[in-house]
Amino acid sequence: AAVFNRRQIRSLNNLIKSMESESVTRQEHYINPLFTDFYQVTMTYAYWKAGRHNERSSFEAFFRKCPFKGEFAIFAGLDEVIQFIREFKFTRYQIDYLQTQLPHAEKEFFEWLGTLDTSEMIVKGIPDGTIVFGNQPLLSIEGPIAIVQLIETPILNLINFASLICTNAARMNIRSGDVKCIEFGLRRAQGPNGAMTATKYSYVGGFDGTSNVYAGMLYGIPIAGTIAHSFIMSFESEDDVKDHRTLNGVDVLLRAREFRDELMWTNTIDSELFSFVSFGCSYPDNFLCLIDTFNTIESGCKNFLLVALVLAELGYKPKGVRLDSGDLAQLSKDCKKLFTETGAKYGFDLSQITVTASNDINEATIVQLNQAGHQIDVFGIGTNLVTCQAQPALGMVYKLVQIEGKPRIKLSEDKEKVLIPGQKKVFRVFENEVPSFDIM
């Protein structure tokens, strides 16, 4: 406690004071020339001081090992790299800050920083969503060495996580087969920027939608969502339904109770039924409920079906249920069986009712569910997707491969880290319109 009070609180207070300044940008504007490691700035000054800052150089970004112990990766982030490079420009405030950190540097250096842009830079990149492999140049950036060096850190930041997320999503999507995948990771992602990146590039990786409303607006990704346990738990008595129980002149709660008596499902939880009635009257065309608040089959699924039968009588098509705990494979089969049996009893085809499953799903879980013969229609995947639980970093690197037309090589006692010198190109060979192999 003493250490925290003496050191941490003081730094937090300083941070709060800084945030009150007009100079602090919003989180989505973090990507700017100062979003870099300090040694990039010190090297830039050294290049300038030695008069080498305009020497023509080439850098390449690549990774050595495919992630998740797999045999491929999906490259992503090129679009944001291009945007960053196009908008690269130091502001007066940023230069003033750097002067406080490099007090020995000449004023001419900072004047030069103010004129720095990317107009002499050539950027070549593999398109977003492309399958790639280790040691292939994913980005090749050519230009004056000072600025090409200066942008190393933000470039790696923009493509490392994007490619990792995209690959993670693709692997899960492949394992899922015909089952749709929805990204549910907003609340568990590493901050707002991590959440937006995860949503965007999981969609590139093959996911079908997201719970992230802001990402849906920005990127045109379909959004999806149901109800939480809190909504269901907020209901206690019939009074909580208020007057919101009538649809097309039919008292939905009264009719649902009639179905319950006929089916002899009298042990379902009343408060849960009240919440489903209220939600069903709000969304008769999109009635999808979380059913594991109390007892998944004996209460949740049956209460859902009681309201679903009323909606079916009124001409609506109930959409589905979501499972968030328990034996997901077995519960999905039990739900589907109950849908079929109940619909048949009343002459309704309830085969369109879907089962969505969540609860810490990852690639291994999907494999296990497949082996168990699940009947799940949609996977809602959050934490293990957006945090890349199986491998939290890709390890992309950005290396100088040529300067003034002369190849450069980095040697190492670790053979895997020996750099292939010189600029490189990758050609993908197709046979009968199917990719067969790459040549570098």
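Above: the structure in question.
Residues numbered from 1 in each chain as written. Predicted model: local features only at pLDDT ≥ 70, side-chain atom pairs only at ≥ 80, totals over all residues. Heavy atoms only, no water.

All right, on to the overall build of the protein then. From N to C terminus, the protein includes 16 helices and 17 strands. Scaling as 2.2 N^0.38, a compact globule of 440 residues should have a C-alpha radius of gyration of about 22 Å, whereas the protein reaches 28 Å, well beyond that. When its C-alpha atoms are laid out on the principal axes, the protein stretches across 90 × 60 × 45 Å. Per-residue burial over the protein gives 47% buried out of 440 residues. Here the analysis covers contacts within the protein between residues at least 6 apart in sequence; of these, 73% occur between residues at least 24 apart. When the accessible surface of the protein is summed, it comes to about 22700 Å², and 51% of that surface belongs to carbon and sulfur atoms. (Helix = DSSP H or I, 4+ residues; strand = E, 2+ residues; numbered from the N terminus. Rg over C-alpha atoms; globule rule 2.2 N^0.38 Å. Buried < 20%, exposed > 50% of the residue type's maximum accessible area, 1.4 Å probe, protein only. Contact = heavy atoms within 4.5 Å. Areas by Shrake-Rupley, 256 points an atom, 1.4 Å probe, with all protein chains shown as cover.)

Our next topic: a nonpolar patch on the surface. Taken together, Tyr 214, Met 217, Leu 218 and Tyr 219 make up a surface patch of nonpolar side chains, about 420 Å² in accessible area. By the element assignment, Leu 218 lies in helix α9 (residues 213-219). Look at Leu 218 and you get partly exposed, because its relative accessible area is 42%. (Patch = residues over 30% accessible without salt bridge, like charges linked within 9 Å, V, L, I, M, F, W, Y side chains within 5 Å. Salt bridge = Lys/Arg side-chain N within 4 Å of Asp/Glu carboxyl O.)

All right, on to the sheet that holds strand β12 (residues 354-357) then. Judged by pairing direction, the sheet is parallel, and its six strands sit side by side in the order β7-β6-β13-β12-β11-β10 without closing on themselves. This sheet does not close on itself; its edge strands, each paired only once, are β7 (209-210) and β10 (288-290). In terms of strand pairing, β12 meets strand β13 (residues 378-381) through two bridges, oriented parallel. Looking at β13, one finds that Ala 357 is bridged to Phe 379. (Pairing = 2+ DSSP bridges.)

Turning our eyes to something else, we now look at the packing of aromatic side chains. Any pair of aromatic rings gets described here by the distance separating the centres and the angle formed by the planes. All chains considered together, the criterion is met by 14 aromatic pairs. When the ring of Phe 231 is compared with that of Phe 279, the centres are 5.9 Å apart and the planes differ by 70°; the resulting orientation is edge-to-face. Of this pair, Phe 231 sits in helix α10 (residues 229-233) while Phe 279 sits in helix α12 (residues 270-282); the two residues are 48 residues apart in sequence, bridging distant segments of the chain. Pairing Phe 259 with Tyr 346 gives two aromatic rings, centres 5.0 Å apart and planes at 90°, and the pair type is edge-to-face. In this pair, Phe 259 is assigned in helix α11 (residues 252-263) and Tyr 346 in helix α14 (residues 328-346), connecting sequence segments 87 residues apart. (Phe/Tyr/Trp six-rings, centres within 6.5 Å; stacked < 30°, edge-to-face > 60°.)

Along the polypeptide, Trp 265 turns up in the loop between α11 and α12. With 82 residues separating them along the chain, Trp 265 and Glu 183 place their C-alpha atoms 35 Å apart. Leaving out residues up to four positions away in the same chain, Trp 265 has contacts with Arg 260, Lys 302, Leu 305, Leu 306, Leu 338 and Thr 342.

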